[in-house]
Amino acid sequence: CSGQSNMQQPLDGYHGEPTFGAKEAIAHALNPDLRLFSVDRVGSKSPLKDVEEFTSWQQASPENVAGFSAVAYFFGQQLQEILDVPVGMIHTSWGGSSVQAWISKEVISSYQEVNLDEVDITEGTNHIPTALYNAMISPLIPYTIQGALWYQGESNRMEPEVYRELFPAMVKDWRTRWGLGDFPFYFVQIAPYWYNNEEAFATAENSAFIRETQLECVDLIPNSGIAITMDIGDKMSIHPPKKKEVADRLLFNALQQTYGYTAVDGLSPVYESMEVQEGKVLLSFKNAERGLYAFKGLSGFEVAGEDKVFYPASAKIVERKKVEVQCEQVTSPVAVRYAWSNWVKATLFDTSLLPASSFRTDDWE
């Protein structure tokens, strides 16, 4: 279980930033069949064979789960209960880290020059290319694992095009070195958050672009899945308190795709195609076999014509499986965007109550 601060966030939360459901989880944590291991935050200029600082394997108990990754714990606790077999969770994350720090030198050197000879490894460690791979991933690689969970992206939100290359490269890098084949890799799309820039729209300051990239990575990374979090963000906190919901959606992916629980739906609806009929746009979605749903109607949709100027639009679910979008100011629509801003509340779900990602039908720069 790796990534940055949202994976690192412990059950007992950060200062002034709680984890919902933590006290109940801690009270019920005693479980000899759930084991936890934590790698401490250390960097290195070269790959290490052994973990330098760590909290060794412990059985889950109220005394030791409070400081463990909330996402990792909620996932592992439920997986153990459902499968009724021993489960071990290895937590190795660092708040604020960039994806570049988690990639080996051999792989990232294909994308950028890396020379750490004169670098102070103790300063800005979580942003030094290869530093966290060397100290916090490399020593684990001989260990047999079933799969990986990843929650990261906020630190790379200003460079979605770079992330589209580096994230799949990181996953391939890890899989190649572990030598266990394309083990399952499930990751979290970053949640909506204000980012002190509510007006951002057409630049990378708009986190919708990195969310788009993360969604695209599902198709770029074999045997992967994504947890969409459009409905559980927090406008004023980059660390949403609903970590169990995040873990649940990772779990649904794993149960459906890895453990054969085909009745468990882990796939959020994804925009597939559009057609224009008499000034209205009709949107179709995949992964919505049982239909679409909105709690209190749809909002967050925008429409543009050939001038590429977007206007707020009305939207509604039709035939229980498609979305119809229209706008009086745009009589000849050519593009639609949904939830295309930093902070937004999801309104579009499937019947399993999994939210659709923010999306756009255009590919305009």
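Above this text is the structure in question.
Conventions adopted
Per chain, the residues get numbers from 1 upward, laid out in the order the sequence is written. Since the coordinates come from a predicted model, pLDDT governs what is reported: local features require at least 70, and pairs of side-chain atoms require 80 or more to be given and counted, while whole-chain, interface and lining totals use all residues. Each side-chain value is worked out from all heavy atoms of the structure, with water and hydrogens disregarded. Here, a strand pair is defined by DSSP locating no fewer than two bridges between the strands. Here a strand is any run of E in DSSP of at least two residues, a helix any run of H or I of at least four, and the numbering for each starts at the N terminus. Salt bridges are defined as contacts in which a side-chain nitrogen from Lys or Arg sits within 4 Å of a carboxyl oxygen from Asp or Glu. For every residue, the accessible area (1.4 Å probe, protein chains only) is compared with the maximum for its type, and the residue is labelled buried under 20%, exposed over 50%, or partly exposed between those bounds. Throughout, a residue-residue contact means that at least one pair of heavy atoms, one from each residue, lies within 4.5 Å.

Visitor: Explanation requested: the sheet that holds strand E15 (residues 335-338) in the structure shown.
Guide: Sheet strands line up and pair through hydrogen bonds in the backbone, either parallel or antiparallel. Pairing is antiparallel in the open sheet, where 4 strands are placed in the order E12-E11-E15-E17. For this open sheet the edge positions go to strand E12 (310-312) and strand E17 (359-360), each flanked by a neighbour on one side alone. Across 2 bridges, the pairing between E15 and E17 is antiparallel. Residue pairing for E17: Tyr338 is matched across the bridge by Phe359.

Visitor: What is the right way to look at the pattern of salt bridges in this model?
Guide: Between side chains of opposite charge, pairing is possible as soon as their charged atoms come close. For the structure shown, the criterion picks out 12 salt bridges. Note that Arg175 and Asp182 form a salt bridge whose closest N and O atoms lie 4.0 Å from each other. A residue is classified by how much of its surface remains accessible, and Arg175, at 5% relative accessible area, is buried. The partner of Glu212 in a salt bridge is Arg360, and the shortest N-O contact between them spans 2.7 Å. Pair noted here: Glu212 is in helix H7 (residues 208-220) and Arg360 is in strand E17, with a separation of 148 residues, a long-range link. By relative accessible area, Arg360 is classed as buried at 14%. Here the residues in one salt-bridge network are Glu212, Arg337, Arg360 and Asp362, joined through shared partners.

Visitor: Got a minute to help me understand the environment of Val65 in this structure?
Guide: Structurally, Val65 can be placed in the loop between strand E3 (54-60) and helix H3 (70-83). Linking Val65 and Ala22, residues 43 residues apart in sequence, is a C-alpha distance of 9.6 Å. Excluding its chain neighbours within four sequence positions, the residues that come into contact with Val65 are Leu11, Ile26, Ala29, Leu36, Ala60 and Tyr73.

Visitor: So what exactly am I meant to see when it comes to the pairing of strand E14 (residues 322-326) here?
Guide: Walk down a regular strand and you will see the side chains alternate between the two sheet faces. Taking burial as the measure, the 5 residues of E14 include 4 buried ones, the bulk of the element. The sheet contact formed by strand E13 (residues 314-318) and E14 spans 5 bridges and is antiparallel. The residue of E14 that forms the bridge with Val318 is Lys322. Joining the antiparallel neighbours E13 and E14 is a turn of 3 residues, in which Glu319 adopts a positive phi near 55°.

The values reported here are purely geometric and, on their own, carry no functional implication.
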